[in-house]
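# Understanding the architecture of this molecule
Take a look at the letters that make up each chain.
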Amino acid sequence: SRIISGTPVVVILIILFYVVFGRFRDISGVLVAVIGFTLTFGSFVYDHMTISVNSVDRGQTEAAYALGYTKNKTFFRIIFPQAMTIFMPSYCGQAVELVKATAVVGYIAVNDLTKMGDIIRGNTYEAFFPLIAVAVIYFIITWIIAELLGILRKKTEPKKRKNKNILKGVVR
């Protein structure tokens, strides 16, 4: 996890494409990109979720056990919702960064948005409009994703949970 999260995405993509899958001449660059971005994003999620869960006070777990919660119910009803409030802002930011990071997949022979802008620029000898169009499209995509993740973040807010669901599952 540390190796993946400490390596730039473009380096991971190039290693995967030319070294790991180098023997397979017919492998799709898109498949390699999906694997590379999945590894990178999964590493981030694992690291940050671990930090978020560990940041919840140990007393919360002890209090849940004292109320009769099982280990699983303690995690999913007490610890996880609190960890999500810590985790979600960085998750939303990282998801948007992941979309922007896809601009480098042209290094492994994938015709992405940035590569297409370069092709248009090369054919028309006009740099301004293709680059501005690419920037606007990326902005729109990342704005939509940020808005959708903002809705998800609001739904995971523990303060918005209904009172009847808070003590659900408590053994009395």
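Everything discussed here concerns the structure shown above.
Just so it is clear, the structure is predicted and the values come from calculations on it, not from any experiment. (Residues numbered from 1 in each chain as written. Predicted model: local features only at pLDDT ≥ 70, side-chain atom pairs only at ≥ 80, totals over all residues. Heavy atoms only, no water.)

### Observations concerning the overall build of the protein
When its secondary structure is counted, the protein shows 8 helices and 0 strands. A globule of 172 residues ought to have a C-alpha radius of gyration of about 16 Å, yet the protein, at 22 Å, is considerably larger. Each of the three principal axes of the protein carries a C-alpha extent, and together these read 75 × 35 × 25 Å. By residue count, 28% of the 172 residues in the protein fall in the buried class. Partitioning the contacts of the protein with sequence separation of at least 6, the portion at a separation of at least 24 is 69%. Of the roughly 11,500 Å² of accessible surface on the protein, 65% is carried by carbon and sulfur atoms. (Helix = DSSP H or I, 4+ residues; strand = E, 2+ residues; numbered from the N terminus. Rg over C-alpha atoms; globule rule 2.2 N^0.38 Å. Buried < 20%, exposed > 50% of the residue type's maximum accessible area, 1.4 Å probe, protein only. Contact = heavy atoms within 4.5 Å. Areas by Shrake-Rupley, 256 points an atom, 1.4 Å probe, with all protein chains shown as cover.)

### Description of the packing of helix α5 (residues 71-101) against helix α7 (residues 128-155)
Viewed as axis vectors pointing N to C, α5 and α7 meet at an angle of 160°, and their least axial separation amounts to 9 Å. One element, α5, and the other, α7, form an angle in the roughly antiparallel class. Like other packed secondary-structure pairs, α5 and α7 cross with a definite hand, here right-handed. Two secondary-structure elements touch here, α5 through M88, P89, Y91, C92, A95, V96, V99 and K100 and α7 through Y138, I141, T142, I145, A146, L149, L152 and R153. Grouping the amino acids of the contact of α5 with α7 by side-chain chemistry returns 13 nonpolar, 1 polar and 2 charged. (Axes fitted to C-alpha atoms, helices over the stretch in contact; angles between N-to-C directions. Parallel < 35°, antiparallel > 145°, perpendicular 65-115°, else oblique. Left-handed = near helix turned anticlockwise from the far one by under 90°. Nonpolar A, V, L, I, M, F, W, Y, C, P; charged D, E, K, R; others polar.)

### What about unusual backbone geometry?
Positive phi is not limited to glycine here, since Y125 has a value of about 60°. Its place among the elements puts Y125 in the loop between α6 (113-124) and α7. In this structure Y125 comes out as exposed when scored by relative accessible area, which is 75%.

### Examining the nonpolar core
The nonpolar side chains of a soluble globular protein tend to be buried with one another. Residues L13, V32, A33, F37, V105 and I108 are the most contacted members of the largest nonpolar core, which totals 13 residues. Broken down by element, this core gets its largest block of residues, 5 residues, from helix α2 (residues 9-20). Residue contacts for I108: discarding those within four places in its chain leaves L13, I14, F17, G29, V32 and A33. Within the second largest apolar cluster, 9 residues are counted, among which are F44, M49, M84 and L149. (Core = buried A, V, L, I, M, F, W, Y, C linked by side-chain atoms within 4.5 Å.)

### Re the packing of aromatic side chains
For the coordinates displayed, the defined rule picks out 9 aromatic pairs. Taking 4.9 Å as the distance between ring centres and 90° as the angle between the ring planes, the aromatic pair formed by F17 and Y18 counts as edge-to-face. According to the relative accessible area criterion, F17 is buried, its value standing at 15%. Ring centres 6.5 Å apart and planes at 50° place the aromatic pair F21 and F24 in the tilted group. Members of the aromatic cluster, joined through ring pairs, are F41, F44, F87 and Y91. (Phe/Tyr/Trp six-rings, centres within 6.5 Å; stacked < 30°, edge-to-face > 60°.)

### Some words on the environment of N111
Looking at the element boundaries, N111 is found in the loop between α5 and α6. Along the primary structure N111 and G29 are separated by 82 residues, whereas in three dimensions their C-alpha atoms are 9.1 Å apart. Contacts of N111, omitting those with residues within four sequence positions, involve M116 and I119.

### A short note on the pattern of salt bridges
Summed over all chains, the structure comprises 2 salt bridges. Of the charged contacts, one joins E97 and K100 as a salt bridge, the two residues approaching to 3.0 Å between their closest N and O atoms. Of the two residues, E97 and K100 are both situated in helix α5; the distance of 3 residues between them amounts to about one turn of the helix. Across the salt bridge formed by D118 and R121, the nearest N and O atoms sit 2.8 Å from each other. Within this pair, D118 and its partner R121 are both found in helix α6, separated by 3 residues, close to a single helical turn. By relative accessible area, which is 32% here, R121 ends up partly exposed. (Salt bridge = Lys/Arg side-chain N within 4 Å of Asp/Glu carboxyl O.)

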